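So you can see what is in the structure, the chains are spelled out below.
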Amino acid sequence: MLANRIIPCLDVRDGRVVKGVKFVDLQDCGDPGQLGMRYYEEGADELMFLDIEATYKGRQTRLDWVSRVANSVFVPFAVGGGIDSVDQIQELLKAGADKVSINSAAVKRPELISEGAREFGSQCIVTAVDVKNKGKSWGVCTAGGRVDSGLDAVEWILELADRGAGEFLITSMDRDGTCEGYDLEFLSMITEMVAVPVIASGGVGELKHLAAGLRAGAQAVLAASIFHYGRHTVGEAKKFLHDDGFPVRS
């Protein structure tokens, strides 16, 4: 049985890690390189760095902190934000990232997912989907949650799977930063529909929320607040999941 992964998420703005609630009211949490090293030393399986203002400001993810992270940590890490071409994917991979996370650019030009998967392999392409509950359906937001794309989240995820997405990062905008737990209804529905691995994101406030995400079918669980604010270490999270019967890496 494959081990489940624990992935600390580091949202980066102006070269600093920040955290907010429902994508707003951002608070400074530290340097991405230093925090990345801390989580690496605590036993993180992977790291996720998202340059949350790159798309909104119309720029690429800055390579300086990506290279700094690559020289500091020795676990796989993904980088997202402002990626809209195969050339940019290549630049980030050359700077040391193991994967890229693409959201807004895929909505504008879905062919980018197919091109990236063909050029670098699906394992390098994480497709991020920021979802918002609309009552009887879920929508897709872009530009760091600022823009409603008008897409239906389920239909969009199915299309991305067909286009070669290697992994999905599913973030509930309604749950982000609330510490109320993942959107389990949506996670369960998606993991039953697609064979592509899913990373659950948005809402972790307690270790039991990580277990709930895995029970909903996610192969990896992502969290920020509980790690950034020192509520729990990655090691504590792994022990909790192991004791609850989930296979995790030591």
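The present account deals with the structure reproduced in this document. Every value quoted in this text rests on a predicted model; they were computed, and no experiment measured them.

## What about the nonpolar core?
- Counting residues in each nonpolar core, the largest one holds 68 residues, and the members touching the most others are Phe168 and Leu210.
- Not counting chain neighbours up to four residues away, the residues in contact with Phe168 comprise Thr127, Val129, Ile157, Leu160, Ala161, Val194, Val196, Pro197, Val198 and Ile199.
- Membership of the second largest hydrophobic core comes to 12 residues, among which are Met48, Leu50, Ala78 and Ile199.

## Observations regarding the pairing of strand S5 (residues 77–80)
- Both faces of S5 are covered, namely the face carrying Phe77 and Val79 and the face carrying Ala78 and Gly80.
- As paired elements, strand S4 (residues 47–51) and S5 share four bridges and run parallel to each other. When the sheet's bridge partners are listed, Phe49 is paired in S5 with Val79.
- When S5 meets strand S6 (residues 99–102), the two strands line up parallel, connected through three bridges. Each bridged residue has a counterpart across the sheet, and for Ala78 the counterpart in S6 is Lys99.
- Where the polypeptide runs from S5 across helix H3 (residues 86–95) and back to S6, its parallel neighbour, the crossover connection is right-handed.

## Points about the packing of aromatic side chains
- Taken as a whole and judged by the stated rule, the model has four aromatic pairs.
- Look at Tyr39 and Phe227: their rings are 6.0 Å apart centre to centre, the planes differ by 55 degrees, and that puts the pair in the tilted class. You can see Tyr39 sitting in helix H1 (residues 32–42) and its partner Phe227 sitting in helix H9 (residues 225–228), a full 188 residues away along the chain. Accessibility assignment for this pair places Tyr39 and Phe227 in one class, buried.

Cut-offs applied
- Counting starts from 1 at the beginning of each chain's written sequence and moves along it residue by residue.
- Reporting of local features is limited, given that this is a predicted model, to residues whose pLDDT is at least 70; pairs of side-chain atoms are given and counted only at 80 or more, and all residues count toward the totals for whole chains, interfaces and linings.
- Derived side-chain values reflect all non-hydrogen atoms in the structure, with water molecules and hydrogen atoms excluded from consideration.
- Only buried residues count toward a nonpolar core. Its members are Ala, Val, Leu, Ile, Met, Phe, Trp, Tyr and Cys residues joined through side-chain atoms within 4.5 Å.
- The rule is simple: take the accessible area with a 1.4 Å probe, protein chains only, and divide by the maximum for that residue type; under 20% is buried, over 50% is exposed, in between is partly exposed.
- Contact definition: two residues touch when any of their heavy atoms are within 4.5 Å.
- Where helices and strands are cited, they refer to DSSP runs of H or I of at least four residues and of E of at least two residues respectively, numbered from the N terminus.
- One requirement defines pairing of two strands: DSSP has to find at least two bridges between them.
- Orient the strands so they point away from the viewer, and a crossover whose first-strand-to-second-strand path over the helix runs clockwise is right-handed.
- Stacked, edge-to-face and tilted are the three classes for Phe, Tyr and Trp ring pairs, Trp counted by its six-membered ring, which pair at centre distances within 6.5 Å; planes under 30 degrees apart are stacked, over 60 edge-to-face, the rest tilted.

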